[in-house]
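# Understanding the architecture of this molecule
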Amino acid sequence: MKSVLKRIVTFGLAAAIATSVTGCATSNQSSSSDVASEKKSGSKTVITLGMHVANVDEQEPVTGKIIKAFEQANPNITVQIQGNDKDAHVNKMKLDAQSGELPDIFWMDSSVAPQLNSSGVLLDLSDFLKAYPAVNTALSENMKAASRSSDGKQYGLPYQSLVTGFWYNKAVFKRVGIDAPKNGTTYDELIKMVKALHTKGIIPIAQGAKDAYSVWGFLTGLERYGYFSKIDSILNGKAKFDNPDFLKYFSKINTLGKAGAFPSNCATSTYFQAKADFTSGKAAMFDSGVWDAGVLDKSIGKNIGFWWGPTFQDSSDNQKVSMNVSSAPFCVSKAVGDNQSKKDAVYKFLAFYYSKQAAKISYEGSIIPATNYKVDANLESKPAFKAVVTALQESGWSSPKAQPDLVLTEAVQAQLYDSIYGTMLGTYSPKEALEKIDSVQQQQ
Amino acid sequence: MHWLSRKRNILMMLIPTLMIYLVYMIIPIAIAIGYSFTKYTGIGKAKIVGFNNYMRLFRDHTFWIALKNTAVIFVIAFVLLMIGAFVVALLLNLNLKGKSFAQSLIFSPAVIAPIIVGILWVFILDPQIGLINAIIRSLGFGQGIKWIGGKTLTPVSVAIVYFWQQLGYLATIYLAGLKMIPVEIEEAVQIDGASVWQKLRYVTIPMMRSTISTVAILVITGTFKIFEIVQQLTNGGPNHISETLITYSYSATFTNGEYGYGMSLATVTFFISLVVIAIYFGLSKERGRKEVS
């Protein structure tokens, strides 16, 4: 009897554990089916939006405002945001793509979006552009081309305009008694500035190597040595990153580092610490982009300036290169195309996102939208944003089809960043830095 | 008792635990090893490439840097923790005033999340904003030392931070082992007139062998898993010179999107830690046999 009782207890325990494990799974399944049924039921259509920030209202306030304005204008559609930090978001989207659970619309890293497109999980947005000609016109060709495959499939549309360059603090330059940079300032003039600033104990250019991607201003310099005239051959294996032009450019970055252009703790600093150095007046220049305009309006105010980086006299390529390109795209899950009401809602959202009303919200929030509408906005209270707009309006300056890193795979992209920082810090010689990029490219 | 001693019943009772272990440990490890033979970006289908990832790994300069850093961290942390935690446990085992307070204080770093430990130590070790260099500068001894972010000291700093974090936890395990030594034996040793060293050498350490083994395994596996501290202190940089095997594996997998290559790094790390544990057990078994004979 005792033995039977023990058996019953043992089986009971085993069953309880097994049930609790399966119970978890069942509970998850039911909750996801609840969400699914919730989406279908009622008069409201719910569309999901996967974002690369954990808190859209705080970290991407302009997008948050556009979503709210859209929901007000379309009370029958609700936008459900699924936000994660960038790396977590990209990895989650990859997993969701595998399991067929992608959000309806989602932000995607430019190097990963083509891979998602190749795996057939993205909706072709060419139909959307045909259905909304105003949006098609408002998005310039280079903005659309950045997310179009060679077979003509429009697998994404730009999230925003990506405008990058160097911010500078006029007051710091005045304090040191030297002229601030302006568009057209040469590399030799920059070196003189760096030396003067460094001697006075000021960080010439705030950079944080711990966030390896924070090299935007230096990426623009690559195009001044003919990046886009070479990159196709490099990616086809017919040419190399280690070429005489890029070697000249990397040697110059190396010389800047040796001249003391970067913070002494650059290796252990983050992009955010670099920004803090700049906003606190410890640094004269800061490698960043338009997304920091709001913060710089408040911290530096009327002393803020913006320029496209140095020009190079030893290069025969176009030097008047600005950087106003498509940022990472918004993509739409292919599954949306199978559900007409969902597809209508998604198209309505995209039409609103690329509307004049949304463009106005963007400008008011110091963000350059991907569209080219002319919008009346008072920029006097936004000196940083005004500085960017002024730089964009400067005649003769043009932007390449994309930011140089955005046409590379993730691994090559990461090595490019690493090589630029390695050259700045003197960890790599210029040649070694370029050879490393070639080495990773060959593995692709 | 008879019922419990039957093989079939023992197996049945083990099944739930084994199932969980299989699903959450064995199968993921097997899958990771499987992916290490593929080229996979995380999207679409993985392409089998045989031993390519392993051949690439042995040619990869950063892999050797990561291996060297991991070895430096392991050796320093192992020596410091095995000896330091034991000494702390011996002190805590004495009837000293304020013992409980000291025990809580020494244990406290173990309850702090590793990511916070990393952030905390950035403010101590950073060459420019760190406390140590601020003191060095204020005393007029130059601009300070690159404790982190330089070419040599980062793995040493990581080992010190790990030592600081783990000391109290491991000392507590040692202390539990010390408490299990029967009082009668200690009294007998005292009556026989053994010195403190003799007591330690011939009674305490031999009777603590299983506790020492447990601590050793925790230190070995722990040092091969140090991730957050490195991420916070240097993020593996600058230019991968402070990568450890595990941070490099993460970087290859999730930053570079090379899942196959990242898994080959993880697999090698797994087997290296197994080998180190096997060597430790081999050596301690040999030592135990010699002592018995």
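Because the structure is predicted, anything quoted here is derived from the model rather than measured.

Let us look at the overall build of chain A. From N to C terminus, chain A includes 20 helices and ten strands. Scored against the burial criterion, the 444 residues of chain A give a buried share of 56%. When contacts within chain A are restricted to residue pairs at least 6 apart in sequence, long-range pairs at least 24 apart make up 77% of them. Taken as a whole, chain A presents about 18,900 Å² of accessible surface, with 52% of it coming from carbon and sulfur. Charge centroids of chain A, computed over 47 positive and 42 negative side chains, lie 2 Å from each other.

With that settled, the discussion passes to the interface of chain A and chain B. Contacts between chain A and chain B engage 33 residues on the former and 41 residues on the latter. Interface area, chain A with chain B, both sides summed: about 3,100 Å², of which 51% is carbon and sulfur. Where chain A meets chain B, there are zero salt bridges. Put simply, chain A and chain B have 17 residue pairs in polar contact (both at pLDDT 80 or more) between them. Residue assignment for the side of chain A that touches chain B shows that the elements contributing at least two residues are helix H1 (2-40), helix H4 (86-99), helix H5 (113-118), helix H19 (410-425) and helix H20 (430-443) of chain A. Considered class by class, the residues forming the side of chain A that touches chain B number eleven nonpolar, 15 polar and seven charged.

Now for the packing of helix H3 (residues 61-92) of chain B against helix H10 (residues 209-223) of chain B. All names here are of chain B. In contact at an axis separation of 10 Å, H3 and H10 are set at 150 degrees when each is read in the N-to-C sense. Accordingly, the angle class assigned to the pair H3 and H10 is roughly antiparallel. In this structure, the crossing between H3 and H10 has a hand that is right-handed. Between H3 and H10, the residues in contact are Ile-73, Phe-74, Ala-77, Phe-78, Leu-81 and Met-82 and Ile-212, Val-215, Ala-216, Val-219, Ile-220 and Thr-223, respectively.

Residue and element names in this part refer to chain A. The buried count for strand S1 (residues 45-51) comes to seven of seven residues, which makes it a mostly enclosed element. With burial as the criterion, each face of S1 is covered, one bearing Thr-45, Ile-47, Leu-49 and Met-51 and the other bearing Val-46, Thr-48 and Gly-50. Summarising the sheet, S1 and strand S3 (residues 105-107) pair through two bridges and their orientation is parallel. Along S3, the bridge assignment pairs Gly-50 with Phe-106.

With that settled, the discussion passes to helix H12 (residues 245-255) of chain B. One turn of an α-helix holds 3.6 residues; hence residues three or four places apart share an orientation. Listed in full, the buried residues belonging to H12 of chain B are Leu-245, Thr-247, Tyr-248, Ser-249, Ser-251, Ala-252 and Thr-253 of chain B. Phi turns positive, to about 70 degrees, at Gly-257 of chain B, one or two residues after H12 of chain B.

A word on the packing of H3 of chain B against helix H7 (residues 154-179) of chain B. Look at H3 of chain B against H7 of chain B: their axes get within 7 Å of each other, and the N-to-C directions meet at 35 degrees. Considering only the axes of H3 of chain B and H7 of chain B, their crossing is right-handed.

Residues and elements named next belong to chain A. Here chain A is described as being made up of domain 1 (39-158 + 328-364) and domain 2 (163-325 + 381-443). Each partner contributes to the interface: domain 1 provides twelve residues, whereas domain 2 provides eleven residues. It is Ser-111, Asn-142 and Tyr-363 in domain 1 that bury the most area against domain 2; as a group they hold 45% of the surface buried on that side. Residue Glu-410 pairs with Lys-94 through a salt bridge whose shortest N-O separation is 3.1 Å. If you look at where domain 1 meets domain 2, you find two residue pairs in polar contact (both at pLDDT 80 or more). A per-class count over the side of domain 1 that touches domain 2 returns five nonpolar, four polar and three charged.

Here the focus is the nonpolar core. Judged by nonpolar contacts, the single largest core of 54 residues is most densely connected at Met-108, Leu-116, Phe-128, Phe-330, Phe-349 and Tyr-354 of chain A. With eight residues, the top contributor of residues to this core is helix H16 (residues 340-353) of chain A. Setting aside chain neighbours within four positions, we find Phe-349 of chain A in contact with Ile-47, Leu-49, Ile-67, Phe-70, Val-79 and Ile-105 of chain A. One finds Ile-73, Val-117, Leu-167 and Val-219 of chain B within the second-largest nonpolar core, a separate group that totals 52 residues.

Examined against the element boundaries, Leu-116 of chain A turns out to sit in helix H5. For Leu-116 of chain A and Ala-97 of chain A, which are 19 residues apart along the polypeptide, the C-alpha to C-alpha distance reads 7.6 Å.

This part is about the sheet that holds S3 of chain A. Paired through their backbone hydrogen bonds, the strands of a sheet run either parallel or antiparallel. Residues and elements named next belong to chain A. Pairing is mixed in the open sheet, where five strands are placed in the order S2-S1-S3-S10-S4. If you trace the sheet from one side to the other, it starts and ends with strand S2 (77-83) and strand S4 (157-158), each paired once. Two elements, S3 and strand S10 (residues 329-332), share three bridges in a ladder whose sense is antiparallel. If you follow Ile-105 over to S10, its bridge partner there is Val-332. Against the sheet, H4 contacts S1, S2 and S3, and its axis sits at roughly 135 degrees relative to S3. Contacts from H16 reach S1, S2, S3, S4 and S10 within the one sheet, and its direction differs from that of S1 by about 55 degrees.

With that settled, the discussion passes to helix H18 (residues 383-393) of chain A. Regarding H18 of chain A, the residues found buried are Pro-383, Ala-384, Phe-385, Ala-387, Val-388, Val-389 and Ala-391 of chain A. Here the buried face of H18 of chain A lies against strand S5 (161-169), helix H15 (293-299), strand S8 (304-307) and helix H17 (356-364) of chain A.

To continue, consider the pattern of salt bridges. All names here are of chain A. Taken as a whole, this structure holds 14 salt bridges over all chains when the rule is applied. Asp-104 is paired through a salt bridge with Lys-342; the nearest N and O atoms lie 3.2 Å apart. With Asp-104 in the loop between H4 and S3 and Lys-342 in helix H16, this pair connects stretches of sequence that are 238 residues apart. On the basis of relative accessible area, Asp-104 is assigned to the buried category, the value being 8%. Take Lys-342: its relative accessible area is 13%, and that puts it in the buried class. As a salt-bridge pair, Lys-360 and Glu-364 come within 2.8 Å of each other at their nearest N and O atoms. Of this pair, Lys-360 and Glu-364 are both found in helix H17, four residues apart, which corresponds to roughly one turn of the helix. With relative accessibility at 43%, the residue Glu-364 sits in the partly exposed group. Shared partners join several salt bridges into a network, and the residues in it are Lys-230, Asp-245 and Lys-248.

Rules of the game
- Residues numbered from 1 in each chain as written.
- Chains lettered and ligands numbered in written order.
- Predicted model: local features only at pLDDT ≥ 70, side-chain atom pairs only at ≥ 80, totals over all residues.
- Heavy atoms only, no water.
- Helix = DSSP H or I, 4+ residues; strand = E, 2+ residues; numbered from the N terminus.
- Buried < 20%, exposed > 50% of the residue type's maximum accessible area, 1.4 Å probe, protein only.
- Contact = heavy atoms within 4.5 Å.
- Areas by Shrake-Rupley, 256 points an atom, 1.4 Å probe, with all protein chains shown as cover.
- Lys, Arg positive; Asp, Glu negative; His and termini not counted.
- Charge placed at Lys NZ, Arg CZ, Asp CG, Glu CD.
- Buried area = accessible area lost by both parts, 1.4 Å probe.
- Salt bridge = Lys/Arg side-chain N within 4 Å of Asp/Glu carboxyl O.
- Polar contact = N/O pair within 3.5 Å; in protein donor to acceptor, adjacent residues only side chain to side chain.
- Nonpolar A, V, L, I, M, F, W, Y, C, P; charged D, E, K, R; others polar.
- Axes fitted to C-alpha atoms, helices over the stretch in contact; angles between N-to-C directions.
- Parallel < 35°, antiparallel > 145°, perpendicular 65-115°, else oblique.
- Left-handed = near helix turned anticlockwise from the far one by under 90°.
- Pairing = 2+ DSSP bridges.
- Domains from an automatic or database assignment.
- Core = buried A, V, L, I, M, F, W, Y, C linked by side-chain atoms within 4.5 Å.

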